[in-house]
Amino acid sequence: SLRGATASLSDMLSTVAASAFALSAPMVSRPALSNVRMTAITPGDVGTTKPLGVYDPLGLMTTMPDKYRRFQEMEIKHGRISMAAVLHVILTEAGVRWPGYLSFAEDIKFSDMPGGTWASWAALPNLAWAQIVLIVALLDNSVLAQKPDKAPGDIIPFFWVRYPDTPGFSGKEFKLNVERNNGRAAMMG
């Protein structure tokens, strides 16, 4: 009886294995990671942090290295805007408001604005949205435009030093990685 149970178990396992191989896709040979040529960024650069390291699932660094610099600039810019938006949500939900009027013409005070993302967005007058978009576009394309000779994200045009270049937690590389990772987390919402 034990021999029969063992035989039926092995028959079941071989049937399951055969069906699994029958449904699997053919093997595709992939190049080893060490053979991949990365022209835009290398392990250890700013933005390549653990656990992912150099994470490029779409292959943009090898197919479009000339555009990768622009992608870095946009990631930093969108990360900064997202961090400000997350701070907005936290502060407005906590009840923090500016003193005074948001709009004299429509008699709206900052204290009249509801907290949260969608409620405050819906309560803002349309002309205020046009004003916000115009100011952000002007700043983005003129005063705070990215210069090609500076590092990605280094957009302040006057006498401001981004971070001192010292090793450790107070150094430039650590702080730039923290900024990039916090921006990534804020963009995820």
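So, here's what we can say about the structure.

What counts and what doesn't
Residues numbered from 1 in each chain as written. Predicted model: local features only at pLDDT ≥ 70, side-chain atom pairs only at ≥ 80, totals over all residues. Heavy atoms only, no water. Phe/Tyr/Trp six-rings, centres within 6.5 Å; stacked < 30°, edge-to-face > 60°. Helix = DSSP H or I, 4+ residues; strand = E, 2+ residues; numbered from the N terminus. Buried < 20%, exposed > 50% of the residue type's maximum accessible area, 1.4 Å probe, protein only. Contact = heavy atoms within 4.5 Å.

### Some remarks on the packing of aromatic side chains
One pass over the structure, following the stated rule, counts 3 aromatic pairs. Between Tyr101 and Phe104, the aromatic rings sit 5.1 Å apart at their centres with planes inclined by 35°, giving tilted as the arrangement. Geometrically, the ring pair formed by Trp118 and Trp121 is edge-to-face, given 5.6 Å between the ring centres and 80° between the ring planes. Here Trp121 and Trp118 lie together in helix α4 (residues 117-123), a separation of 3 residues that amounts to about one turn. For Trp118, a relative accessible area of 64% translates into the label exposed. Relative accessible area serves as the criterion here: at 46%, Trp121 is assigned to the partly exposed category. Taken together, the ring pairs connect Trp118, Trp121 and Trp129 into an aromatic cluster.

### Overview of unusual backbone geometry
Located in the positive-phi region is Asp107, a residue other than glycine, with phi close to 55°. In this structure, Asp107 sits in the loop between β1 (101-103) and β2 (108-109). For Asp107, a relative accessible area of 52% corresponds to the exposed category.

### Concerning the environment of Ser120
With respect to the helices, strands and loops of the structure, Ser120 is situated in helix α4. C-alpha of Ser120 to C-alpha of Val89: the two residues are 31 residues apart in sequence and 9.3 Å apart in space. Leave out the neighbours within four places in its chain, and Ser120 touches His88, Met113, Pro114 and Gly115.

### What to know about the environment of Ala145
You can see Ala145 is positioned in the loop between α5 (126-143) and α6 (172-187). Judged by its relative accessible area of 18%, Ala145 falls in the buried class. Sequence spacing of Ala145 and Ile156 is 11 residues, and the spatial spacing of their C-alpha atoms is 8.5 Å. In contact with Ala145, other than residues within four places in its own chain, are Leu139, Asp140 and Ile155.

Function cannot be inferred from these measures alone, as they are strictly geometric.
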